[in-house]
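Secondary and tertiary structure notes
Here are the chains, one letter per residue:
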Amino acid sequence: MVTILCHFLTLMILIRMLDKESMGAYFIALIIMMLLVLLSDMGVDLALVKKYPEEDETGKASLVFTAFILRVSFCAVFSGLFLFLVSFENIPMLGEVAHVAGPLLLFYLLQSLRLLLLRILQAGQLFGAYAGTQLLAAALKVVLVIALFTLGDDSLSHVLLCESAALVASIVFGLSRLGFLTGRPAPPSVTKARELLRFGLPLYMNALLNLGNERSTSYIVAGLGGPIAIASYGVAERLADGARRLFDPFMNVYLPTQTSHFARGELAAAREFANRSLLWTTFIVAGATVAFAVVREPVIGLLFTSEYLEVADAAVMFMCALIFRCIQTLLGFLGVAAGFNYMPVKVSLLSSTINIPLAFFLFKAYGYEGAVVSLIITQALIGLLYVLGL
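Residues numbered from 1 in each chain as written. Predicted model: local features only at pLDDT ≥ 70, side-chain atom pairs only at ≥ 80, totals over all residues. Heavy atoms only, no water.

Here we look at the overall build of the protein chain
The helix and strand inventory of the protein chain stands at 15 helices and zero strands. Taking the principal axes of the C-alpha coordinates as reference, the protein chain spans close to 55 × 45 × 40 Å. Buried residues in the protein chain amount to 55% of all 390 residues. Summarising the internal contacts of the protein chain: among those between residues at least 6 apart in sequence, 83% fall at separations of at least 24. Just so you have it, the protein chain exposes about 16,700 Å², and 69% of that area is on carbon and sulfur atoms. (Helix = DSSP H or I, 4+ residues; strand = E, 2+ residues; numbered from the N terminus. Buried < 20%, exposed > 50% of the residue type's maximum accessible area, 1.4 Å probe, protein only. Contact = heavy atoms within 4.5 Å. Areas by Shrake-Rupley, 256 points an atom, 1.4 Å probe, with all protein chains shown as cover.)

With respect to a negative patch on the surface
Taken together, the side chains of D19, E21, E96, D154 and E307 define an acidic patch exposed on the protein surface. Taking the relative accessible area as the measure of exposure, E307 reaches 44% and is therefore partly exposed. (Patch = residues over 30% accessible without salt bridge, like charges linked within 9 Å, V, L, I, M, F, W, Y side chains within 5 Å. Salt bridge = Lys/Arg side-chain N within 4 Å of Asp/Glu carboxyl O. Lys, Arg positive; Asp, Glu negative; His and termini not counted. Charge placed at Lys NZ, Arg CZ, Asp CG, Glu CD.)

Remarks on unusual backbone geometry
Even without being glycine, M42 reaches a positive phi, approximately 60°. Looking at the secondary structure, you find M42 in the loop between α2 (20-41) and α3 (44-51). Phi at T305 takes a positive value of approximately 75°, unusual for a residue other than glycine. Here T305 shows up in the loop between α12 (296-304) and α13 (312-337).

A word on the pattern of salt bridges
Applying the stated criterion to the full structure yields nine salt bridges. Note that D41 is salt-bridged to R71, the shortest N-O span being 3.1 Å. In this pair, D41 sits in helix α2 while R71 sits in helix α4 (residues 57-86), placing the two residues 30 residues apart along the sequence. When sorted by exposure, D41 lands in the same class as R71, which is buried. Of the charged contacts, one joins R276 and E272 as a salt bridge, the two residues approaching to 3.8 Å between their closest N and O atoms. Pair noted here: R276 and E272 are both in helix α11 (residues 267-294), with a separation of four residues, about one helical turn. Residue class for E272 comes out partly exposed when judged on its relative accessible area of 47%. Salt bridges sharing partners connect three or more residues here, namely D41, D45 and R71.

Topic: the confidence of the model for the protein chain
Residues of the protein chain with pLDDT of at least 70 account for 95%, and the chain-wide mean is 84. Within the protein chain, the element-level pLDDT minimum falls on helix α9 (residues 179-183), averaging 53, and the maximum on helix α8 (residues 156-176), averaging 91. (pLDDT = per-residue confidence, 0-100.)

So, the environment of L334
Tracing the backbone shows L334 in helix α13. Spatially, the C-alpha atoms of L334 and Y254 are 8.8 Å apart, while their sequence positions differ by 80 residues.

Structural notes on the side chain of K141
Note that K141 resides in helix α7 (residues 127-151). Look at K141 and you get buried, because its relative accessible area is 11%. Reaching out from K141, the side chain makes a polar contact with the side chain of E163 at a distance of 3.4 Å. Each residue touching K141, except ones within four places of it in the same chain, is listed here: H7, T10, E163 and A166. (Polar contact = N/O pair within 3.5 Å; in protein donor to acceptor, adjacent residues only side chain to side chain.)

Side note on the nonpolar core
Counting residues in each nonpolar core, the largest one holds 125 residues, and the members touching the most others are M23, Y26 and F304. At 21 residues, helix α10 (residues 190-263) tops the list of elements feeding residues into this core. (Core = buried A, V, L, I, M, F, W, Y, C linked by side-chain atoms within 4.5 Å.)

Some remarks on the packing of aromatic side chains
Per the counting criterion, the structure on display carries five aromatic pairs. For the ring pair Y233 and F318, a centre distance of 5.1 Å and an interplane angle of 80° mean the geometry is edge-to-face. Taken together, the residues span a long stretch of sequence, with Y233 in helix α10 and F318 in helix α13 at a distance of 85 residues. When its relative accessible area of 3% is taken as the criterion, F318 is described as buried. Above the face of the Y308 ring, K20 is positioned so that its terminal group lies 5.1 Å from the ring centre. (Phe/Tyr/Trp six-rings, centres within 6.5 Å; stacked < 30°, edge-to-face > 60°. Lys NZ or Arg CZ within 6 Å of the ring centre and 35° of its normal.)

Quick notes on the packing of α13 against helix α15 (residues 368-389)
In the contact formed by α13 and α15, the axes pass within 8 Å of each other and the chain directions differ by 20°. When the axis of α13 is compared with that of α15, the two are roughly parallel. In this structure, α13 meets α15 at a crossing whose hand is left-handed. Where α13 abuts α15, its residues D313, A314, M317, F318, C320, A321, F324, R325, Q328, L331 and G332 lie against Y368, E369, V372, V373, L375, I376, Q379, A380, I382, G383, Y386 and V387. (Axes fitted to C-alpha atoms, helices over the stretch in contact; angles between N-to-C directions. Parallel < 35°, antiparallel > 145°, perpendicular 65-115°, else oblique. Left-handed = near helix turned anticlockwise from the far one by under 90°.)

Some thoughts on the side chain of Q328
Of note, Q328 is situated in helix α13. Q328 sits in the buried class, given a relative accessible area of 7%. A polar side-chain atom of Q328 sits 2.8 Å from a polar atom in the side chain of Q379.

So this is what it looks like as structure tokens:
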């Protein structure tokens, strides 16, 4: 909860510090960073969580070091690709962040390594260290952004450097909690690399296809609408994103717990846990959506200033999309824990072929609110496909 409050406080300060066009450029930088992180993941993160409980202590250490070597290698490849493409300033979105390419690249590299570290902590069920790593990054970012605001510094490059500094501190803290690894060093293994990539490949394909399910709307709005449109879209999305962050800690426990159930052959326990999780998650998120719909304009005005009151209806639609997203995430992780790693690929392939043209059409017709409608339809479709598949 404290971490989420820190993220919201940071956003509130940035909205008051940056004009709308600069805020849009900041959101574009975040979109590009998340795309690079996704591309360099290669499915290794979730594969690590799945394979980790099956290893002894030496095997666990070797698995982690192997994942780290893979991550650094893929980051190097995509960093070079980014630097090549960003030199062409006429490419949509890249032209908006070409002047901050260096800080953005650093932000991407650190974020990618931190996410791998968080998966390692999750796999080892070091949930206290996991929470502490996230909290430190969020709290330090607030402090640094407040310092920029106090100094009257509205430079986007400095904002990104603040993000990077917070990530460095959180990575150092997280690594300090992995004493069992430093105490038992093990060399990376080619065999384990193949296992991670083999299991992770369909998950990676699913993540790429999910660009069509979840992130394509952001790329369409940013690419066709520019910084102003993505600023409105990004602010509207942030309340639902904050609610999703409340859901994430549960998911960090849900996936390894279900993986352990299936590893021990406890199918009844896995089914019961999944049913209870679906029931309570749907009830809580739907209730929060109704409550927010009643007071949406005062909340938007308080958090994001009156300049963004126009996004109130879109913010409610994002909350509706979150209901379906939570359901399909629980069902998708259940399939992964059960070993059906190709199921998410099949689901995403079908849904993304529908969402991309739908989002494009609705954005051209109704602006960024139309793009949000396409997101709701897609998330509902994914949930239905998982129900039929499981």
